[in-house]
Amino acid sequence: MSELDRAAGIRLTVRGALAFVLASTLVGSVLQALLGVAALTGAAFVAGCVAAASLVNRRDLLSLVVSPPLVFFVTTTFIEVVRSLFAATPVQAFGLGMYTALSQGAPWLFGGSFLVLVIAWRRGLTRCVRELREELRATKASVPRPRSGGDGGGTAFAPEPEGYFEPKVYGTPREGQ
C-alpha cells in the first residue's frame, strides 16, 4: 500500500476535524505573534478548514459546515483573553483586542467557511441534508385528530389527557377538615 492510498483512507470524526481547525488556528496565532506576519492566523484557519472538510467522515459533513465560525470565535476569545492578562487595563485590552481581531479576521472567516461549504457540497452534503429531513419526518409525532361522533349529530369528540382538569390529591383528608 502506497503512502497516497494510506492518506486517502484517513478520516476524522467531526470532533477531530474541529480540534484540528482549532489547533491549526492556535498555532497560526502563535506564529503570528512570534514572526509578526499579520495574515498567519487567518491563513492557518483557512488551511485547517480545508483539511478538516477534506478529511472528515461523510456522515459528519453537516455538523462540520456550521462549525467554523464558532471555532474561529472561541479561538479568538482565548487568544485575546491571554493577551489581555498582561495589559495595564485587561478589560479594555480584551474589548479592543476582540474588536480588532474579529474585524481583521472576518475575510478569513468568510473564506474558510465558504471553502468548507464548497468542499462539503462536492463530498455529499446534499445527501446528509436529505437524510436529516427524512429522519425528522420519520420521528415527527402525529397530531391526534378529533373523531367524528357516531350519533349523526356531527359533534366531534376529542378526549383530553387523563387528569388534565382534575387536580391530583395525595393522601387522605385529616379529621375535621
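In this report, the structure presented in the accompanying data block is examined.

**Describing the side chain of Ser 113**
Next up, step 1: Tracing the chain through its elements places Ser 113 in helix α6 (residues 90-123).
Next up, step 2: Judged by its relative accessible area of 19%, Ser 113 falls in the buried class.
Next up, step 3: Here Leu 109 takes part through its backbone oxygen, which lies 2.9 Å from a polar atom of the side chain of Ser 113.
Next up, step 4: Filtering out sequence-adjacent residues up to four positions away, Ser 113 remains in contact with Pro 68 and Pro 69.

**So, the environment of Thr 41**
Next up, step 1: Tracing the chain through its elements places Thr 41 in helix α3 (residues 40-55).
Next up, step 2: The class of Thr 41 is buried, set by a relative accessible area of 15%.
Next up, step 3: Leave out the neighbours within four places in its chain, and Thr 41 touches Thr 25, Gly 28, Ser 29 and Gln 32.
Next up, step 4: One polar contact links Thr 41 to Gln 32, side chain to side chain, over a distance of 2.4 Å.

**A closer look at the nonpolar core**
Next up, step 1: Val 21, Phe 45, Leu 61, Leu 64 and Val 116 are the most contacted members of the largest nonpolar core, which totals 20 residues.
Next up, step 2: Listed by contribution, the elements that provide at least two residues to this core are α2 (14-35), α3, α4 (61-65), α5 (68-84), α6 and α7 (125-139).
Next up, step 3: Looking at this core element by element, the count peaks at five residues for α3.
Next up, step 4: Setting aside its immediate chain neighbours within four residues, Phe 45 contacts Val 21, Thr 25, Pro 68, Phe 72, Trp 108, Leu 109 and Gly 112.

**Some remarks on the environment of Leu 61**
Next up, step 1: Mapped onto the secondary structure, Leu 61 falls in helix α4.
Next up, step 2: A residue is classified by how much of its surface remains accessible, and Leu 61, at 0% relative accessible area, is buried.
Next up, step 3: The spatial distance from the C-alpha of Leu 61 to the C-alpha of Ile 119 is 9.4 Å, given a sequence separation of 58 residues.
Next up, step 4: Excluding residues within four positions of it along the chain, Leu 61 makes contact with Ala 53, Val 56, Ala 120, Arg 123, Gly 124, Leu 125 and Cys 128.

**Describing the layout of surface pockets**
Next up, step 1: Quantified by volume, the largest pocket comes out at close to 320 Å³.
Next up, step 2: Lining the largest pocket are 19 residues, and of these Gln 32, Thr 41, Ala 101, Gln 104 and Gly 105 sit closest to its centre.
Next up, step 3: Counting only elements with at least two residues in the lining of the largest pocket, the list comes to α2, α3, α5 and α6.

**A short note on the pattern of salt bridges**
Next up, step 1: With the rule as written, the count across this model stands at two salt bridges.
Next up, step 2: Note that Glu 131 and Arg 127 form a salt bridge whose closest N and O atoms lie 3.4 Å from each other. Remark: Arg 127 and Glu 131 occur in helix α7; sequence separation between them is four residues, near one turn of the helix.
Next up, step 3: What makes Glu 131 partly exposed here is its relative accessible area of 41%.

**Some thoughts on the packing of α5 against α6**
Next up, step 1: Between α5 and α6, the least distance of the axes is 9 Å, while the angle of their chain directions is 155 degrees. Considering their axes alone, α5 and α6 lie roughly antiparallel with respect to each other. Crossing of α5 against α6: the hand is right-handed. Of the residues in α6, those touching α5 at Pro 68, Pro 69, Phe 72, Phe 73, Thr 76, Thr 77, Glu 80, Val 81 and Ser 84 are Pro 90, Ala 93, Phe 94, Gly 97, Met 98, Ala 101, Leu 102, Gly 105, Leu 109, Ser 113 and Val 116.

Conventions adopted
Residues numbered from 1 in each chain as written. Predicted model: local features only at pLDDT ≥ 70, side-chain atom pairs only at ≥ 80, totals over all residues. Heavy atoms only, no water. Helix = DSSP H or I, 4+ residues; strand = E, 2+ residues; numbered from the N terminus. Buried < 20%, exposed > 50% of the residue type's maximum accessible area, 1.4 Å probe, protein only. Polar contact = N/O pair within 3.5 Å; in protein donor to acceptor, adjacent residues only side chain to side chain. Contact = heavy atoms within 4.5 Å. Core = buried A, V, L, I, M, F, W, Y, C linked by side-chain atoms within 4.5 Å. 1 Å grid on protein atoms, 1.4 Å probe; cavity = no way out; pocket = protein on both sides within 12 Å on 5 of 7 lines; lining within 4 Å. Points joined across faces, edges and corners; volume = space filled by probe spheres on them. Salt bridge = Lys/Arg side-chain N within 4 Å of Asp/Glu carboxyl O. Axes fitted to C-alpha atoms, helices over the stretch in contact; angles between N-to-C directions. Parallel < 35°, antiparallel > 145°, perpendicular 65-115°, else oblique. Left-handed = near helix turned anticlockwise from the far one by under 90°.

Note that every value here comes from positions in space, so none of it alone points to a role or purpose.
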